[in-house]
Structure formats: C-alpha cells, structure tokens
Amino acid sequence: GTGSGTVAAVPEENAALFLSPVDVGGQTLNLDFDSGSSDLWVFSTELDQAKIGQHSAFDASKSTTFKQMQGAQFKISYGDGSGAAGVVGTDVVTIGGVQVQNQAIELATDVSQSFVDDLNTDGLVGLAFSNLNTVNDGTKKTPQKTFFDNVMGDLDLPVFTADLDPDGTGVYEFGKIDATKFEGEMAWIPVNATSGFWQFPSTKFAVGDSAFEAFGASPAIADTGTSLLLVDQPIAEAYYSAVQGAELNQQVGGFIYPCNAQLPDMSVAIGDSYMAVIPGNQITFATVDQANTTCFGGVQGNQGAGIQIYGDTLFKSQFVVFNGGNQSLGFGAK
Ligand code: 0ZP
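Residues numbered from 1 in each chain as written. Predicted model: local features only at pLDDT ≥ 70, side-chain atom pairs only at ≥ 80, totals over all residues. Heavy atoms only, no water.

**Student:** Looking at this structure, I do not really get the sheet that holds strand β15 (residues 220–222). What am I missing?
**Tutor:** Strand pairing in a sheet relies on backbone hydrogen bonds. The paired strands run either parallel or antiparallel. An order of β12-β15-β24-β16-β23 is seen for the five strands of this open sheet, with the pairing classed as mixed. Looking at which strands have only one partner, the edges of the open sheet turn out to be β12 (199–200) and β23 (299–301). The pairing of strand β16 (residues 229–231) with strand β24 (residues 308–310) spans two bridges and is classified as antiparallel. When the bridges of β24 are listed, L229 appears paired with Y310. Contacts from helix α4 (residues 233–240) reach β16, β23 and β24, with the element oriented near 135° to β23. (Pairing = 2+ DSSP bridges. Helix = DSSP H or I, 4+ residues; strand = E, 2+ residues; numbered from the N terminus. Contact = heavy atoms within 4.5 Å. Axes fitted to C-alpha atoms, helices over the stretch in contact; angles between N-to-C directions.)

Now the structure itself:
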C-alpha cells in the first residue's frame, strides 16, 4: 500500500483559495483541491500561449508515462461562472508522496478569463464523488475516478483531511488523521453522496449565544473550493442583523459592514449534535474600499440556491476528515 501523505495548502488571493503542489508525469503544478467537484484538470501546452501566460502548463509530449484517451473530452462550469474544457489522458499523479499510476488527467484547451487572470492556479483536483466527473467520449458521459477514489484502497485509512490555516500555510493529508490538529473528540456525520457532494443536514445555527432552528434549511455541502460560508439567505440576514451598520449591498454582491464592527461568532450545525463555531474575529473576508473602512463578510447568503455551501470560512476554524470508506465527515474544532 501507499500508506499516507501530506501536502501543503498555500493561501492565495488573500486566502480566498489554497494551492497545493501536485506532480503530474514528473511536472509540478499548483492545483486547487476542490471537494465540490470531481475533475482533475490542468493548464496544458494545448492552450494558447496568451492564455497560459506565466502559468505552469502540463506538456504531455514531455511525459514518458502520459497516455492519451482517444476521443475523450471534458467540459466543466463552476458555481462562480468560471470553467474549462479540453481533452483527456492518463498519467502518474503524486500528491504528498501518495501515487496513482493511471489517473485521468484533463488537459485544458480552453479556460475562462478568470483562470487566465488568476496567475497562480494551474488547475484543480476534484475531490467530490466520481459521479460528478465531466469526462465524455463525444457521445455519452464516461465519468473518470478522482485521485482520492483511485488511491483510497491503498491508504492506511480511506480518508483525506483538510487543515486550512486562517493566516498561513495549512495541509491536506491522505490516509491518516492527525489527532494533534484538533481539540477533543471528533464529531462524525454520515454524508448523502447521491448528489455527488459531501452533503449533510444542517438546520441549527447560533449567532453569538442565541441559537435557533431553521426548519426546512437546505442541505449543506463541505466544499474546500469555495471561499465563503454560504448559508440560506434568512440565516445570513439573521447573522448580519446582529452586526451594527451591516447591510446587503447589491453592487458588492453580499453583506458588508463597518470594519470596526464587533462580529458575533457564527455556529452551524453539522448533523444533529455538533455545532461548528466560527469565531467572530475570523469572519471578515476582505475590505471593499481603499480606506479599509468597509468590510465584506466570510458568511454570505446563498441567494436561494437550495444548497448551503460550507467553504473555507468554515475550514479555517475546523479540522475536517473526508471519509470515503463509510462516506462520512469528521469535524474537530481547532
Ligand atoms: C469561489 O468561492 C471563488 C471566489 C468567489 C467567487 C464568486 C464570488 C465570490 C465572492 C466573494 C468571495 C469569493 C468569491 C474562488 C476564487 C477565489 C479566489 C480567486 C479566484 C479566481 C478565479 C476564480 C475563483 C476564485 N468560487 C465558488 C466556486 O464556484 C463559488 C460558488 N460556490 C458558487 C458555490 N456556488 N467554487 C468551485 C471551485 C472553484 C472554481 C475553485 C473556480 C477555484 C476556481 C466549486 O467548488 C463550486 C461547486 C459548486 C457546487 C458545490 C454547488 C461546483 O461548481 N462544482 C462543479 C460541479 C460540476 C458541480 C459537475
């Protein structure tokens, strides 16, 4: 077996995303680990040089282990409107010492402008369930396995863990649970994987000390590829009604408030019995003006999307285990 492995999660764009070095056929790329999608795609030399710019791009002709997958294509669009499309092959992929011999690698022949502009991200590693993978043979879907699906059976434990740091470099680990990284007992919750996401119920919340139940709250998913904590709109409204001077600003696209406001903690239920607490002082996501007087929160509404997306705002205060064996999530405060 492969055992286990550790790889850095380096913050980029004011910690709006995290990048990790990944070896594809002997070439190192900086990829965004995304538990909200299931495609491993990379900038490739098949892209226009103008779009590659300063990115590292995978050159299949320089890899002795790359095999093309005849006729296979991929096309993915993300929640934020960005996307990529291209051709497909397999190669040896190594992450933190953990290796997969025949990993499906999707080579972008086109990427949306946001990826051109984001100079550090060379692609994504999808870590949701493999049924969401977008590879097709030109006629029908032919979903390929994610890196985690491929390596799971070789790991000491069928898990990967996310330990994103609120103000520095964190780690992703495969095959082990480092119990020194969180406090107390881990809370486990089964996931409903039929949607392809790491999905679980979350119907209780607290703003500071005042707890409430939101009957009919949308299911939540654990998504390392989303920067913010996106809760049902009424929950976000309840949170910001406790913040002096907060308002929903359509131009900015979310709730803003004076940067000198005291932010209450936000707690979200993970299943029935565990409340994950995000400290108020970790909720400011960014400033929105030159003078740094107006701030944009890391908790925002999902604008009626019908799903709550728990992104990096949550991962910065929680150590999270993704267990592919019994399909569950483990949460520990840190
Ligand atoms: C992000 O969180 C962006 C940042 C971002 C986007 C939009 C509005 C924002 C407002 C405030 C703050 C951040 C915002 C990530 C990001 C950060 C920094 C620089 C970036 C430069 C370019 C592009 C993205 C940057 N995006 C989420 C997202 O789409 C927004 C979102 N999430 C909407 C849910 N709904 N994340 C995807 C991975 C991204 C893609 C990774 C772009 C970075 C590059 C997925 O995790 C989302 C997932 C949605 C699903 C869970 C409902 C998805 O689209 N999966 C694809 C599957 C296709 C379903 C089969």
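**Student:** What is the right way to read the packing of aromatic side chains from this model?
**Tutor:** Centre-to-centre distance and the angle between the planes together describe a pair of aromatic rings. Using the criterion set out here, one finds 23 aromatic pairs in the structure. Taking 4.7 Å as the distance between ring centres and 10° as the angle between the ring planes, the aromatic pair formed by Y240 and F255 counts as stacked. On the criterion of sequence distance, the pair formed by Y240 in helix α4 and F255 in strand β18 (residues 254–258) is long-range, its members being 15 residues apart. This pair shows no difference in class: Y240 is buried, exactly as F255 is. An angle of 20° between the planes, with centres 5.9 Å apart, marks the rings of Y240 and Y257 as stacked. Here Y257 lies in strand β18 and Y240 lies in helix α4, a separation of 17 residues in the sequence. (Phe/Tyr/Trp six-rings, centres within 6.5 Å; stacked < 30°, edge-to-face > 60°. Buried < 20%, exposed > 50% of the residue type's maximum accessible area, 1.4 Å probe, protein only.)

**Student:** I tried to follow the site of the ligand on my own but got confused; where do I start?
**Tutor:** The full set close to the ligand counts 26 residues, and D34, G36, G79, D80 and D223 are the nearest of them. At a separation of 3.1 Å, a nitrogen atom of the ligand approaches a polar backbone atom of G225. Interatomic distance of 2.9 Å between a side-chain N/O atom of T226 and a nitrogen atom of the ligand. Expressed as a share of its isolated accessible area of 1100 Å², the protein-covered part of the ligand is 76%. For the shell around the ligand, the secondary-structure elements that each account for two or more residues are β3 (27–34) and α2 (113–117). Looking at the shell around the ligand residue by residue, the classes come out as 11 nonpolar, nine polar and six charged. Viewed by domain, the shell around the ligand spans two of them, domain 1 (5–174) and domain 2 (182–333), each represented by three or more residues. (Near = heavy atom within 4 Å. Polar contact = N/O pair within 3.5 Å; in protein donor to acceptor, adjacent residues only side chain to side chain. Areas by Shrake-Rupley, 256 points an atom, 1.4 Å probe, with all protein chains shown as cover. Nonpolar A, V, L, I, M, F, W, Y, C, P; charged D, E, K, R; others polar. Domains from an automatic or database assignment.)

**Student:** How should the sheet that holds strand β19 (residues 266–270) be read in this particular structure?
**Tutor:** Strand order in the open sheet formed by four strands is β14-β13-β19-β20, and the pairing between neighbours is antiparallel. One side of each edge strand has no neighbouring strand; the edge strands of this open sheet are β14 (210–213) and β20 (274–278). Each strand of the sheet is rotated relative to its neighbour by a mean of 20°, with strand direction disregarded. For strand β13 (residues 204–207) and β14, the ladder comprises four bridges, and the chain directions are antiparallel. Each residue of the ladder has a partner; that of V207, found in β14, is S210. Running over the sheet, α4 touches β13, β14 and β19 and is turned about 20° from β13.

**Student:** Explain the domain arrangement of the protein here, please?
**Tutor:** Often, the extent of an interface is quoted as the loss of accessible area on bringing the components together. Each domain of the protein was delimited in the assignment, giving domain 1 (5–174) and domain 2 (182–333). Counting residues at the interface gives 25 residues for domain 1, matched by 26 residues for domain 2. Across the interface of domain 1 and domain 2, roughly 2000 Å² is buried in total on both sides, 59% from carbon and sulfur atoms. On inspection of domain 1 and its partner domain 2, the count reaches zero salt bridges. Looking at which element gives the most residues to the side of domain 1 that touches domain 2, the answer is strand β9 (residues 159–163), with five residues. (Buried area = accessible area lost by both parts, 1.4 Å probe. Salt bridge = Lys/Arg side-chain N within 4 Å of Asp/Glu carboxyl O.)

**Student:** Mind showing me how you'd approach the side chain of Q27 here?
**Tutor:** Its location among the elements puts Q27 in strand β3. Here the side chain of Q27 touches D59 through a polar contact of 2.8 Å, landing on its backbone nitrogen. Apart from residues lying up to four places away in sequence, Q27 is in contact with V22, A57, F58, D59, K62 and S63.

**Student:** Got a minute to help me understand the environment of G311 in this structure?
**Tutor:** Within the fold, G311 resides in the loop between β24 and α5 (312–315). Distance in space between the C-alpha atoms of G311 and N323 is 18 Å, their sequence separation being 12 residues. For G311, the contacting residues outside a window of four places in its chain are D223, T226, S227, L228 and L229.

**Student:** Explain the pattern of salt bridges to me, please; I cannot follow it from the model alone.
**Tutor:** Counted according to the given criterion, the structure contains six salt bridges. The partner of K140 in a salt bridge is D137, and the shortest N-O contact between them spans 2.8 Å. A relative accessible area of 31% places D137 in the partly exposed class. Ionic pairing is found between E173 and K176, a salt bridge with its closest N-O pair at 3.5 Å.

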